[in-house]
Amino acid sequence: MSVNLKDKIALVTGASRGIGYFTALELAKAGAHVIACARTVGGLEELDDAIKAAGGSATLVPFDLADMNAIDALGASIYERWGKLDILVANAGVLGVISPIGHVEAKVFEKVMTINVTATWRLIRSVEPLLMRSDAGRAVILSSAAAHRCRPFWGPYSASKAAVEALARTWAGETQSTPLRITSVDPGATRTAMRAQAMPGEDPDTLPHPREIAQAIVPLTGPDVTETGKLFVARENRLVDYRMPE
């Protein structure tokens, strides 16, 4: 489904590779000006070249999401330059390790929580006033099936994604009476570097390319979206409701 994002301002984290890279590219192709954030400058420059080749435009913001002051400053900078934000795609995340919970080093656990959870909360806090200045603010928060399956050895990542979904659902409830619409996304197993880290023996050619996931995500950022507080399951291309334990 095509979507017209002309004159929209979109912020994408983790935009230097994988799902973030291709989501940023697809948003630009749809007409949005993309604020692309990531640690890897080279990856951001490659994205910028691809966006320009597609006739789009981008602003590159290289920084580490562990820098909370930088997240705050980002919101202030967006306000000063554009006065609003139309689209947030909170994609950046780290896996940590696949390990028994009792064997996970404290610094590894803390990094997963810092990047996946605390930085997402800080980002929400920083850009919510900007999204409220849009006539159709849209936020997409990347989650994972790991948040629900809680498979053995995936403890830190599963816990972090469950927390991220809780943040998104709470935020959606708080803003339900506003034009802002918020969607969590379960991309499913995808041909990314993170997936290769988690499942080194897996044949990547059996998995969807991140471009396919990006093309499914972009329609969630359009002004015609009416649902909020739902989970979009990319592999099934549908929104689902959350349920209480049975």
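Quick caveat, the model's predicted, so the values are computed rather than measured. Position labels on residues start from 1 in each chain and follow its written sequence. With the structure being a predicted model, the display of local features is reserved for residues of pLDDT at least 70 and the display and counting of side-chain atom pairs for 80 or more, all residues being used for whole-chain, interface and lining totals. Where side-chain values are given, they derive from all heavy atoms of the structure, hydrogens and water being excluded.

A.B. asks: Quick question: what am I supposed to make of the nonpolar core here?
C.D. replies: A general tendency of soluble globular proteins is for nonpolar side chains to be buried together. Here, nonpolar core means buried Ala, Val, Leu, Ile, Met, Phe, Trp, Tyr and Cys residues that are tied together by side-chain atoms lying within 4.5 Å of each other. Relative accessibility thresholds used throughout: buried, under 20% of the residue-type maximum; exposed, over 50%; partly exposed, between the two (1.4 Å probe, protein chains only). L11, L85, L88 and W171 are the most contacted members of the largest nonpolar core, which has 34 residues in total. Breaking this core down by element, the ones donating at least two residues are β1 (9-13), β2 (33-38), α3 (68-82), β4 (87-90), α4 (106-132), β5 (138-142) and α6 (155-174). Where helices and strands are cited, they refer to DSSP runs of H or I of at least four residues and of E of at least two residues respectively, numbered from the N terminus. Among the elements that make up this core, the one with the highest residue count is α4 (ten residues). Any two residues having at least one pair of non-hydrogen atoms within 4.5 Å are treated as being in contact. Setting aside residues up to four positions removed in sequence, L11 forms contacts with I35, C37, L74, I78, L85, I87, L88, V89, L123 and V127. Counting 33 residues, the second largest nonpolar core, distinct from the first, contains V12, Y21, V34 and I87.

A.B. asks: Where do I start with the packing of α3 against α4 in this structure?
C.D. replies: In a pair of packed helices, the angle between the axes and the distance between the axes together describe the arrangement. Think of each axis as a best-fit line through the C-alpha atoms, taken over the contacting stretch in the case of a helix, with angles from 0 to 180 degrees between the N-to-C directions. Running from N to C, α3 and α4 point in directions that differ by 25 degrees, and their axes come no closer than 9 Å. Here α3 lies roughly parallel to α4, going by the angle between them. The interaxial crossing formed by α3 with α4 has right-handed handedness. Between α3 and α4, the residues in contact are M68, N69, I71, D72, L74, G75, I78 and Y79 and T114, T118, A119, R122, L123, R125, S126 and L130, respectively. Under this grouping Gly is polar, as are all residues other than the nonpolar Ala, Val, Leu, Ile, Met, Phe, Trp, Tyr, Cys and Pro and the charged Asp, Glu, Lys and Arg. For the contact of α3 with α4, a count of residues per class yields eight nonpolar, five polar and three charged. What sets the label is the angle itself: under 35 degrees gives roughly parallel, over 145 gives roughly antiparallel, 65 to 115 gives roughly perpendicular, and the rest give oblique. Note: crossing handedness is left-handed where the near helix turns anticlockwise from the far helix by less than a right angle, and right-handed where it turns clockwise.

A.B. asks: Help me out: how do you make sense of the packing of aromatic side chains in this one?
C.D. replies: Pairs of aromatic rings are described using the distance from one ring centre to the other and the angle between the two planes. Here the aromatic set is Phe, Tyr and Trp, taking the six-membered ring for Trp, and pairing holds for ring centres within 6.5 Å; pairs whose planes are under 30 degrees apart are stacked, those over 60 apart are edge-to-face, and all others are tilted. Applying the stated criterion across every chain, the model contains two aromatic pairs. Ring centres 4.9 Å apart and planes at 70 degrees place the aromatic pair Y21 and F22 in the edge-to-face group. Both residues of the pair, Y21 and F22, belong to the buried class. In our convention, an over-ring charge means Lys NZ or Arg CZ found within 6 Å of a ring centre and within 35 degrees of that ring's normal. The ring of Y242 carries R169 above its face, with NZ or CZ at 4.0 Å from the centroid.

A.B. asks: Looking at this model, I keep getting lost on helix α1 (residues 18-29). Mind explaining?
C.D. replies: Given 3.6 residues per turn, any residue in an α-helix points the same way as the ones three and four places further on. Here the expected length of a helix is defined as 1.5 Å per residue gap, with one fewer gap than residues. Here α1 contains twelve residues, and its C-alpha end-to-end distance of 17 Å stays within 8% of the 16 Å for a straight helix at 1.5 Å per residue. α1 sits mainly inside the fold: eleven of its twelve residues count as buried. Residues of α1 that are buried sit in contact with β1, β2, α2 (41-53), β4 and α8 (210-217). Count one or two residues on from α1 and you reach G31, which has phi positive near 115 degrees.

A.B. asks: Would you mind showing me how to read the side chain of S99 here?
C.D. replies: With respect to the helices, strands and loops of the structure, S99 is situated in the loop between β4 and α4. Residue S99 is classed as buried on the basis of its relative accessible area, which comes to 12%. Not counting residues up to four positions away in its chain, the partners in contact with S99 are V104 and F153.

A.B. asks: Would you mind showing me how to read the packing of α1 against α8 here?
C.D. replies: Viewed as axis vectors pointing N to C, α1 and α8 meet at an angle of 50 degrees, and their least axial separation amounts to 8 Å. In terms of orientation, α1 lies oblique with respect to α8. Classified by chirality, the crossing of α8 by α1 is right-handed. Where α1 approaches α8, its residues G18, I19, F22, T23 and E26 are matched on the opposing element by P210, R211, I213, A214, Q215 and I217. Here the residues of the contact of α1 with α8 sort into six nonpolar, three polar and two charged.

A.B. asks: Explanation requested: the pairing of strand β6 (residues 181-186) in the structure shown.
C.D. replies: Note on strand geometry: in a regular strand, side chains alternate between the two faces of the sheet. Burial analysis of β6 places six of its six residues in the buried class, which makes it a mostly covered element. In β6, alternate side chains face the same way, and those of R181, T183 and V185 on one face and I182, S184 and D186 on the other are all buried. Should DSSP find at least two bridges between two strands, the strands are regarded as paired. Relative to β6, β5 runs parallel, the two sharing five bridges. Looking across to β6, one finds that I141 is bridged to S184. The sheet contact formed by β6 and strand β7 (residues 230-233) spans four bridges and is parallel. From the neighbouring strand, T183 faces β7, where its bridge partner is K230.

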